[in-house]
Amino acid sequence: MRQYLSSNMIVLVPQAEIDAAVQLLLKLKVDYKQMTGQDYKAGCPPSENLIVSNNGPAADDCDGEDLVDPWNVSASSTKGVDYDKLIVRFGSSKIDKELLERIEKVSGQRAHHFLRRGIFFSHRDMHQILDAYEKHKSFYLYTGRGPSSEAMHVGHLIPFIFTKWLQDVFDIPLVIQMTDDEKYLWKDLTLEECHRFTVENAKDIIACGFDVNKTFIFSDLDYMGASPQFYRNVVKVQKHVTFNQVKGIFGFTDSDCIGKISFPAIQAAPSFSSSFPQIFGGKKDVPCLIPCAIDQDPYFRMTRDVAPRIGLLKPALLHSTFFPALQGAQTKMSASDPNSSIFLTDTPKQIKNKVNKHAFSGGKDTVEEHRKYGGNTEVDVSFLYLTFFLEDDEKLEKIKEDYTSGALLTGELKKILIETLQPMIAQHQERRKQVTDEMVQQFMTPRPLNFKF
């Protein structure tokens, strides 16, 4: 809530309304540039003789805005989204060296390579989570998955790999929301398909190694009807967010179904410990930490604005960068485009073919030029993928040095990535084979979890 002076009175404006207005203005600027080919400048209308060009990706020095929301990600630069600008736009805080050192001190563990390499780069109130933990007060983790297809891709693993690390080092409970209701509302899918995808995706999530005694996975379609407390929190959030606010925050239009308009409250509800009485015994004051990609932040900016008005704690967040498509960092990997993605069901041959054929290269056009000038690791997808999946810092740095100097060719770099991904995905497939329907039911049954408050 912020105060604004208008004539002789003070007007209190909810933060959610301010965020909604800012997001709407940013969207209008993006729309303006798409229509005119020019950046918007106040008082400077577009030229009457303007010719809109379509010359492919914007140049690296383009000053356009990146488009980032829960459903769309596109960057104005071949280097991908400018995350420093995004931190300013979203009003979050950068994960700096001081916070990294504090996480290591409080957890007693070396920071995960996702933190060390800036893959998780932004946060909201992480210091408060660590303050509480140092005072022997537990917190819980909340993350989720929108099950829009039977097979997940490697990019979907990122939040779960990191969440498992957090669960292990802090020894805390975890809730995982499967938003099958959302996918029914947004996609051309039946309710039965969405629920089936939930079960299949849950098997991939369980295969990441989560502790069944500390993890609750739930389907919105199942849990909301079975948990009065969860639904009550949904209704509380719905009452405190206006239609105008959700239109501004999420870009909804008058043509969107009412299910979409109300859905953000459902994604907000797991942020509150009182939504899970079987786990927290009705406690309302257990802090929540949400690891997620930063495109999900609009949901939780709304949640954090509403929380104090309904007497609940604001959730804290850790934001990750996007996992790039094979074709380049200007957009994220998508399950709807098989050629942009490496799926967890892919065979070693399919992985090899996809990387060799589709992975965008930062190398030069000829071997001679590459040997002389070297490659660009900032845009090379094979190198970017290795920053996610190659845990050895020294080996990664050596690969970077060799590629930028020209000693390592693009084909050789792709070979390193292929040899990293093939065993990783094969091992995941073996673990997934061990996950039975009975195990899925155990994870998805509402029950007490084993942890200390």
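Basis of the calculations
- Residues numbered from 1 in each chain as written.
- Predicted model: local features only at pLDDT ≥ 70, side-chain atom pairs only at ≥ 80, totals over all residues.
- Heavy atoms only, no water.
- UniProt positions renumbered as here; feature names shortened; annotations may be inferred.
- Axes fitted to C-alpha atoms, helices over the stretch in contact; angles between N-to-C directions.
- Helix = DSSP H or I, 4+ residues; strand = E, 2+ residues; numbered from the N terminus.
- Parallel < 35°, antiparallel > 145°, perpendicular 65-115°, else oblique.
- Contact = heavy atoms within 4.5 Å.
- Nonpolar A, V, L, I, M, F, W, Y, C, P; charged D, E, K, R; others polar.
- Buried < 20%, exposed > 50% of the residue type's maximum accessible area, 1.4 Å probe, protein only.
- Salt bridge = Lys/Arg side-chain N within 4 Å of Asp/Glu carboxyl O.
- Phe/Tyr/Trp six-rings, centres within 6.5 Å; stacked < 30°, edge-to-face > 60°.
- Lys NZ or Arg CZ within 6 Å of the ring centre and 35° of its normal.
- Polar contact = N/O pair within 3.5 Å; in protein donor to acceptor, adjacent residues only side chain to side chain.
- Arc of directions from axis to C-beta.
- Pairing = 2+ DSSP bridges.
- Core = buried A, V, L, I, M, F, W, Y, C linked by side-chain atoms within 4.5 Å.
- Domains from an automatic or database assignment.
- Patch = residues over 30% accessible without salt bridge, like charges linked within 9 Å, V, L, I, M, F, W, Y side chains within 5 Å.
- Areas by Shrake-Rupley, 256 points an atom, 1.4 Å probe, with all protein chains shown as cover.

Taking an unreviewed UniProt entry as the reference, the protein chain is identified by name as Tryptophan--tRNA ligase, cytoplasmic belonging to Oreochromis niloticus. Recorded under Sequence similarities (unreviewed entry), the UniProt text for the protein chain is reproduced unchanged: "Belongs to the class-I aminoacyl-tRNA synthetase family."

Visitor: Tell me about the packing of helix H12 (residues 258-268) against helix H14 (residues 297-306), residues and numbers included.
Guide: Running from amino to carboxyl end, H12 crosses H14 at an angle of 75°, the nearest separation of the two axes being 9 Å. It follows that H12 is roughly perpendicular to H14 by the angle criterion. Taking contact as the criterion, the partners of Phe263, Pro264, Ala265, Gln267 and Ala268 in H12 are, on H14, Tyr299, Phe300, Met302 and Thr303. Residues belonging to the contact of H12 with H14 are distributed by class as follows: seven nonpolar, two polar and no charged.

Visitor: Give me the lowdown on H14, citing residues and values where you can.
Guide: An α-helical segment advances 3.6 residues per turn. Residues three or four places apart therefore align on the same side. By the criterion of burial, H14 is predominantly enclosed, with ten of the ten residues buried. The complete set of buried residues in H14 reads Asp297, Pro298, Tyr299, Phe300, Arg301, Met302, Thr303, Arg304, Asp305 and Val306.

Visitor: So, the pattern of salt bridges: which residues are in play, and what are the values?
Guide: For the coordinates displayed, the defined rule picks out 24 salt bridges. Between Glu150 and Arg196 there is a salt bridge whose closest N-O contact spans 2.8 Å. Of the two residues, Glu150 is situated in the loop between strand S7 (140-145) and helix H6 (157-170) and Arg196 in helix H8 (residues 191-206); the sequence distance between them amounts to 46 residues. The class for Arg196 is partly exposed, based on a relative accessible area of 39%. A salt bridge links Glu200 to Arg432; the shortest N-O distance between them is 3.0 Å. One end of the pair, Glu200, is in helix H8; the other, Arg432, is in helix H19 (residues 410-433), and 232 residues separate them in sequence.

Visitor: Give me the lowdown on the packing of aromatic side chains, citing residues and values where you can.
Guide: All chains considered together, the criterion is met by 31 aromatic pairs. Seen in terms of ring centroids, Phe216 and Phe218 are 5.5 Å apart; in terms of plane orientation they differ by 20°. Their pairing is stacked. Classification of Phe216 by relative accessible area gives buried; the value is 0%. Chaining the aromatic ring pairs together yields one cluster made of Phe114, Phe120, Phe162, Trp165, Phe323, Tyr385, Phe388 and Phe389. Positioned over the ring face of Phe90 is Arg301, at 4.4 Å from the centre of the ring.

Visitor: Any details on the side chain of Ser92? Residues and values, ideally.
Guide: Structurally, the position occupied by Ser92 is in the loop between helix H2 (83-90) and strand S5 (93-94). A distance of 2.6 Å separates polar atoms of two side chains, one belonging to Ser92 and the other to Ser122. Discounting chain neighbours no more than four positions away, the residues touching Ser92 are Ile87, Ser122, His123, Arg124 and His319.

Visitor: Please set out H2 residue by residue, giving values where relevant.
Guide: Listing the buried residues of H2 in full gives Tyr83, Leu86, Ile87, Arg89 and Phe90. When H2 is viewed along its axis, its buried side chains cluster within an angular range of 165° and face the same direction. Capping of H2 at its N-terminal end is provided by Asp82; its side-chain oxygen lies 3.2 Å from the backbone amide nitrogen of Asp84. Count one or two residues on from H2 and you reach Gly91, which has phi positive near 75°.

Visitor: Before we move on, could you go through the sheet that holds S5 and cite the residues and values that matter?
Guide: Whether parallel or antiparallel, the strands of a sheet pair through hydrogen bonds between backbone atoms. One open sheet accounts for seven strands, arranged S5-S6-S11-S10-S7-S8-S9; its pairing is mixed. Of all strands in the sheet, those with a lone pairing partner are S5 and strand S9 (215-219), marking the two edges. One ladder, built from five bridges, connects strand S10 (residues 288-293) with strand S11 (residues 316-320); its direction is parallel. What sits directly across from Ala293, in S11, is Ser320. Docked against the sheet, H2 engages S5 and strand S6 (120-124), running at close to 10° with respect to S6.

Visitor: Which residues make up the nonpolar core, and what values go with them?
Guide: Ranked by size, the top nonpolar core spans 67 residues in total, and within it Leu115, Phe120, Ile217, Leu289 and Ile342 carry the most contacts. The element contributing the most residues to this core is H6, with eight residues. For this core, the two domains that each supply at least three residues are domain 1 (67-326) and domain 2 (348-433). Counting residues in each nonpolar core, the second largest holds 38 residues, with Val241, Phe263, Phe280 and Ile290 among its members.

Visitor: For the environment of Pro277, give the residues involved together with the corresponding values.
Guide: With respect to the element layout, Pro277 can be found in helix H13 (residues 277-280). Pro277 gets classed as partly exposed once you look at its relative accessible area, which sits at 33%. The spatial distance from the C-alpha of Pro277 to the C-alpha of Pro448 is 8.6 Å, given a sequence separation of 171 residues. Ignoring anything within four residues of it in the chain, the contact list for Pro277 reads Tyr223, Ser227, Gln229 and Gly282.

Visitor: Help me get a handle on a nonpolar patch on the surface, residues and values and all.
Guide: There is a patch of nonpolar side chains on the surface, built from Tyr184, Leu191 and Leu221 and spanning about 240 Å² of accessible area. Exposure remark for Leu221: the relative accessible area of 35% places this residue in the partly exposed category.

Visitor: Give me the pairing of S9: which residues, what numbers.
Guide: In terms of burial, S9 is largely enclosed, as five of its five residues are buried. In this structure, strand S8 (residues 174-178) lies alongside S9, joined through five bridges in parallel fashion. Residue pairing for S9: Gln177 is matched across the bridge by Phe218.

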